[in-house]
Amino acid sequence: MLTLMATVLSNERLTASVFRLAIEGSFHGEPGQFYMLRSWDKSPLLSRPISIHDLTSTAITFLIRLHGEGTRLLSRLTSGDQVTLYGPYGNGFPKPGGNVALVGGGMGIAPLLFSAKRFPFSKVFLGFSGEPFAVASYQALHGDVVFQSGGTILDAIDLNSFDKIYACGPLPMMAELRRRTAETAAQLYVSIEKRMACGIGICNGCTINVGTGNHKACTVGPVFPAEEVDFDELLEL
Ligand SMILES: Cc1cc2nc3c(=O)[nH]c(=O)nc-3n(C[C@H](O)[C@H](O)[C@H](O)COP(=O)(O)OP(=O)(O)OC[C@H]3O[C@@H](n4cnc5c(N)ncnc54)[C@H](O)[C@@H]3O)c2cc1C
Ligand code: FES
């Protein structure tokens, strides 16, 4: 784990609300892990959890949607500005064997570029409700990318042809994927977004009821076997 003040290489606006932030440095991490980011001093109080989008020996990249104050401040960074990163945190996706599908919906595509890089034998499915973004970087990296705007990307997946499925996206999409995979042999893992304050298991802010009881999504997750997740409860929250 690392705390690092680092320099922004570039900050590129991909759509009205999505930007790609590249930060210089030699960072560590596994697909599905995240960093806590801040580019401000005291306010807002908390750093923001953002998944590793890409990692090279000289830079780390994040794909971010504008949401509130923290992401607004991150969106305004320009080359040469300073950012503080803590991480990497979380468990990430398990090391796959067999045929793997990476399924992303909306901003849920963010962790899947680095996953596709590390798991080159996987097949990538990207679904968007509106304007697609960042698809070219997946296509540049990976020969097998299916993307779709509107409808559901789940209809494009032959679920019986995969041993493992790693998904990140809106809860209703992951709940539906869980329902559709229940009668297949595929093992489904989902990355669940909970509001996080500390990111390191101290504040109890990200508690989630999975498997054997209450766990902290920032340390035990954010990736969980889908059969341990109570989607009905999460959708009610
Ligand atoms: C493990 C993990 C990975 C994530 N990866 C990405 C990513 O790669 N790209 C991306 O665009 N977003 C990602 N998010 C969501 C992102 O953290 C929130 O959109 C962001 O923290 C919102 O901060 P804000 O200040 O702009 O909004 P505000 O609403 O002002 O934030 C207020 C507080 O709520 C928390 N918060 C608000 N929305 C969320 C949310 N959906 N999930 C978790 N905490 C939230 C903030 O961290 C902050 O503490 C991830 C969330 C988690 C938990
Ligand atoms: S965010 Fe503090 S315990 Fe998980």
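Everything below is about the structure shown above.
Each value, and the rule that gives it
Residues numbered from 1 in each chain as written. Chains lettered and ligands numbered in written order. Predicted model: local features only at pLDDT ≥ 70, side-chain atom pairs only at ≥ 80, totals over all residues. Heavy atoms only, no water. 1 Å grid on protein atoms, 1.4 Å probe; cavity = no way out; pocket = protein on both sides within 12 Å on 5 of 7 lines; lining within 4 Å. Points joined across faces, edges and corners; volume = space filled by probe spheres on them. Helix = DSSP H or I, 4+ residues; strand = E, 2+ residues; numbered from the N terminus. Nonpolar A, V, L, I, M, F, W, Y, C, P; charged D, E, K, R; others polar. Buried < 20%, exposed > 50% of the residue type's maximum accessible area, 1.4 Å probe, protein only. Polar contact = N/O pair within 3.5 Å; in protein donor to acceptor, adjacent residues only side chain to side chain. Contact = heavy atoms within 4.5 Å. Core = buried A, V, L, I, M, F, W, Y, C linked by side-chain atoms within 4.5 Å. Pairing = 2+ DSSP bridges.

J.: Looking at this structure, how should I read the layout of surface pockets?
T.: If you roll a probe as big as a water molecule over the atoms, it shows you where there is empty space left. Estimates place the volume of the largest pocket at around 1,400 Å³. Looking at the largest pocket, it is lined by 43 residues, and the ones nearest its centre are Pro49, His67, Met107, Glu193 and Lys194. Contributing elements (two or more residues each) for the lining of the largest pocket: strand S4 (48-51), strand S6 (59-65), helix H1 (69-75), strand S9 (123-128) and helix H4 (171-181). Within the lining of the largest pocket, the residues separate by chemical class into 21 nonpolar, 16 polar and six charged.

J.: Just to check I follow, could you spell out the environment of valine 190 for this structure?
T.: Looking at where valine 190 falls in the secondary structure, it is placed in strand S12 (residues 187-191). Owing to a relative accessible area of 0%, valine 190 belongs among the buried residues under this scheme. For the pair valine 190 and leucine 4, spaced 186 residues apart in the sequence, the C-alpha separation amounts to 29 Å.

J.: Can you help me understand the side chain of histidine 53 in this one?
T.: Locating histidine 53 in the fold gives a position in the loop between S4 and strand S5 (54-55). The buried category is assigned to histidine 53, whose relative accessible area is 1%. Polar side-chain contacts of histidine 53 include one of 2.8 Å to the backbone oxygen of alanine 110. Excluding residues that lie within four positions of it along the chain, histidine 53 makes contacts with Arg20, Thr61, Phe62, Leu63, Ala110, Leu113, Phe114 and Tyr138.

J.: Hey, could you run me through the nonpolar core in this one?
T.: In a soluble, globular protein the nonpolar side chains are often hidden away together inside. Counting residues in each nonpolar core, the largest one holds 32 residues, and the members touching the most others are Val103, Ile165, Leu177, Val190, Ile192, Val229 and Phe231. Counting only elements with at least two residues in this core, the list comes to strand S3 (34-38), strand S8 (100-105), strand S11 (164-168), H4, S12, strand S13 (207-210) and helix H5 (231-236). For this core, the element with the most residues is H4, which contributes four residues. What isoleucine 165 contacts, discounting residues up to four positions off in sequence, is Ala101, Val103, Leu159, Leu177, Thr181, Ala186, Gln187, Leu188 and Tyr189. The next biggest cluster of nonpolar side chains, apart from the first, holds 23 residues, and it includes Phe93, Leu102, Phe128 and Val223.

J.: Would you explain the pairing of S3 in this entry?
T.: Along S3, five of the five residues are buried, which leaves the element largely enclosed by surrounding structure. A two-sided burial pattern is seen for S3, the buried positions comprising Phe34, Met36 and Arg38 on one face and Tyr35 and Leu37 on the other. Relative to S4, S3 runs antiparallel, the two sharing four bridges. Directly across from phenylalanine 34, in S4, lies its bridge partner serine 51. For S3 and strand S7 (residues 82-89), the ladder comprises four bridges, and the chain directions are antiparallel. Bridge pairing links phenylalanine 34 to tyrosine 89 in S7.

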